[in-house]
Amino acid sequence: MTTSTEQHPARPISFASSGGIDRSAGYRLDEAWLAAAWSHPTTRCFVVSGGQALVVDTDDGGTELVTMPSFDAPITESHRYFLGTDTDGVRYFALQKDALPGRMDDLARPAGLREAGALLAERDTALLVHAVALENWQRLHRFCSRCGERTVIAAAGHIRRCPACGAEHYPRTDPAVIMLVTDDRDRALLGRQVHWPEGRFSTLAGFVEPGESLENAVIRETAEEAGVTVGGVEYVGSQPWPFPTTLMLGFTARAVSPDIEVDGDEIEEARWFSREELGAAIRAGEVLPITGISIAARLVERWYGGPLPVPPRG
């Protein structure tokens with residue numbers, strides 16, 4: 001699997017940066033170290049609930065994650081997750097609760113990654129992505145898949161152990177490929193899912209099956225969804241997508257033939273777009289631009305050569 005050498009646009013892939021956070025995984029089983037880290041005066045923490053945390057808009061136009069010293073934190077022992085240490089030595093924890101605490105002031109507001117992910121600084125984004133991913137897994141995997149017994153949390157939130165059969169369970173991550181397919185005329189293949197509004201087009205994507213390589217998943221999904229045979233699969237980059245447990249793996253691929261035959265089940269329509277055709281269709285309001293924090297937007301911008309045009313208002 002080769003890495004493409006084409007130039008990326010200025011905007012990076014969302015959620016891809018570590019934000020300067022060292023996850024310090026070697027300390028997750030060290031209860032004495034974790035206790036000392038939690039009680040340290042510089043330690044910061046925040047509550048996560050239902051994929052949301054409190055954020056605040058700053059005077060300089062930015063958005064920050066609302067954190068607090070550990071001694072001000074709501075009480076929770078088992079659902080306290082160690083997230084890592086920043087470059088200044090500050091340790092961070094997330095607290096999973098059934099609800100967010102009352103607003104700390106008139107400015108703080110609840111937000112999830114879809115709303116705030118692109119607004120937060122890289123450090124805050126990395127912390128929130130990690131916390132949301134752990135919260136999703138913890139909520140959905142409370143019982144042992146081997147014997148059915150309720151499991152207990154270990155390793156600062158990164159393992160669940162079964163007290164009955166001794167099995168250990170680790171956070172689930174589902175790999176999915178997402179690809180920008182081009183033909184010999186350098187047109188991009190974009191598809192519209194059956195439940196999307198008219199005019200909404202994006203890149204093709206799909207989950208990797210058991211025993212399947214990433215490259216073969218790109219080839220299979222493109223053929224299944226659009227009837228297009230591809231080769232020349234090249235890796236671009238990845239994006240954690242904790243909605244709830246996916247890791248998006250971005251690729252480019254070259255079509256062997258431009259013939260399209262959509263599956264009709266997941267993809268209702270697929271079209272080839274030149275850069276000029278896509279830009280004109282967006283400006284005319286015929287195609288809704290690919291926006292947001294998904295890696296799909298970055299893949300299309302990378303091919304397009306920069307940000308997509310702004311559609312007409314109204």
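Residues numbered from 1 in each chain as written. Predicted model: local features only at pLDDT ≥ 70, side-chain atom pairs only at ≥ 80, totals over all residues. Heavy atoms only, no water.

Draft legend 1. Examining the pairing of strand 13 (residues 204-207) more closely. Of the two faces of strand 13, only the one carrying Leu 204 and Gly 206 is buried; Ala 205 and Phe 207 on the other face are not. When strand 11 (residues 174-182) meets strand 13, the two strands line up antiparallel, connected through four bridges. Note that in strand 13 the partner of Met 179 across the bridge is Leu 204. (Buried < 20%, exposed > 50% of the residue type's maximum accessible area, 1.4 Å probe, protein only. Helix = DSSP H or I, 4+ residues; strand = E, 2+ residues; numbered from the N terminus. Pairing = 2+ DSSP bridges.)

Draft legend 2. Focus on the packing of helix 5 (residues 275-283) against helix 6 (residues 295-304). Axis separation between helix 5 and helix 6 bottoms out at 10 Å; the angle between their running directions is 120 degrees. Between helix 5 and helix 6, the crossing angle belongs to the class labelled oblique. The way helix 5 lies across helix 6 gives a crossing that is left-handed. Facing helix 5, whose interface residues are Arg 275, Leu 278, Gly 279 and Arg 283, helix 6 presents Val 300, Trp 303 and Tyr 304. Partitioned by chemical class, the residues of the contact of helix 5 with helix 6 number four nonpolar, one polar and two charged. (Axes fitted to C-alpha atoms, helices over the stretch in contact; angles between N-to-C directions. Parallel < 35°, antiparallel > 145°, perpendicular 65-115°, else oblique. Left-handed = near helix turned anticlockwise from the far one by under 90°. Contact = heavy atoms within 4.5 Å. Nonpolar A, V, L, I, M, F, W, Y, C, P; charged D, E, K, R; others polar.)

Draft legend 3. Seen up close, the confidence of the model for the protein. Of the residues in the protein, 95% have a pLDDT of 70 or more, and the chain-wide mean is 93. Contacts of residues 1-9 to residues separated by more than four positions or lying in other chains number 17 contacts, the stretch itself having pLDDT below 50. (pLDDT = per-residue confidence, 0-100.)

Draft legend 4. Just the pattern of salt bridges, in detail. Applying the stated rule across the entire model yields 15 salt bridges. Of the charged contacts, one joins Arg 192 and Glu 268 as a salt bridge, the two residues approaching to 2.6 Å between their closest N and O atoms. Of this pair, Arg 192 sits in strand 12 (residues 188-193) while Glu 268 sits in strand 16 (residues 267-273); the two residues are 76 residues apart in sequence, bridging distant segments of the chain. By relative accessible area, Arg 192 is classed as buried at 5%. Because the salt bridges share partners, they merge into one network encompassing Glu 209, Glu 212, Arg 220, Glu 221 and Glu 224. (Salt bridge = Lys/Arg side-chain N within 4 Å of Asp/Glu carboxyl O.)

Draft legend 5. Structural view of the nonpolar core. Judged by nonpolar contacts, the single largest core of 47 residues is most densely connected at Phe 46, Leu 83, Leu 190, Leu 278 and Val 300. Looking at this core, the element that brings in the most residues is helix 6, giving seven residues. When sequence neighbours within four positions are dropped, the list of residues in contact with Val 300 reads Leu 180, Leu 190, Thr 203, Leu 278, Ile 290 and Leu 308. By size, the runner-up hydrophobic cluster in this structure holds 19 residues, among which are Val 218, Val 233, Leu 249 and Phe 251. (Core = buried A, V, L, I, M, F, W, Y, C linked by side-chain atoms within 4.5 Å.)

Draft legend 6. Molecular detail of the packing of aromatic side chains. Summed over the entire model, instances satisfying the criterion amount to nine aromatic pairs. Ring geometry for Trp 303 against Tyr 304: centres 6.2 Å apart, planes inclined by 55 degrees, an arrangement best described as tilted. Summarising the burial analysis for this pair, Trp 303 and Tyr 304 share the class buried. Put simply, the rings of Tyr 27, Trp 33, Trp 38, Phe 82 and Phe 93 pair up and form one aromatic cluster. Stacked on the ring of Trp 38, the Lys or Arg Arg 80 has its end atom at 4.3 Å from the ring centre. When the ring centre of Phe 243 is taken as origin, the NZ or CZ atom of Arg 114, which lies over that ring, is 4.2 Å away. (Phe/Tyr/Trp six-rings, centres within 6.5 Å; stacked < 30°, edge-to-face > 60°. Lys NZ or Arg CZ within 6 Å of the ring centre and 35° of its normal.)

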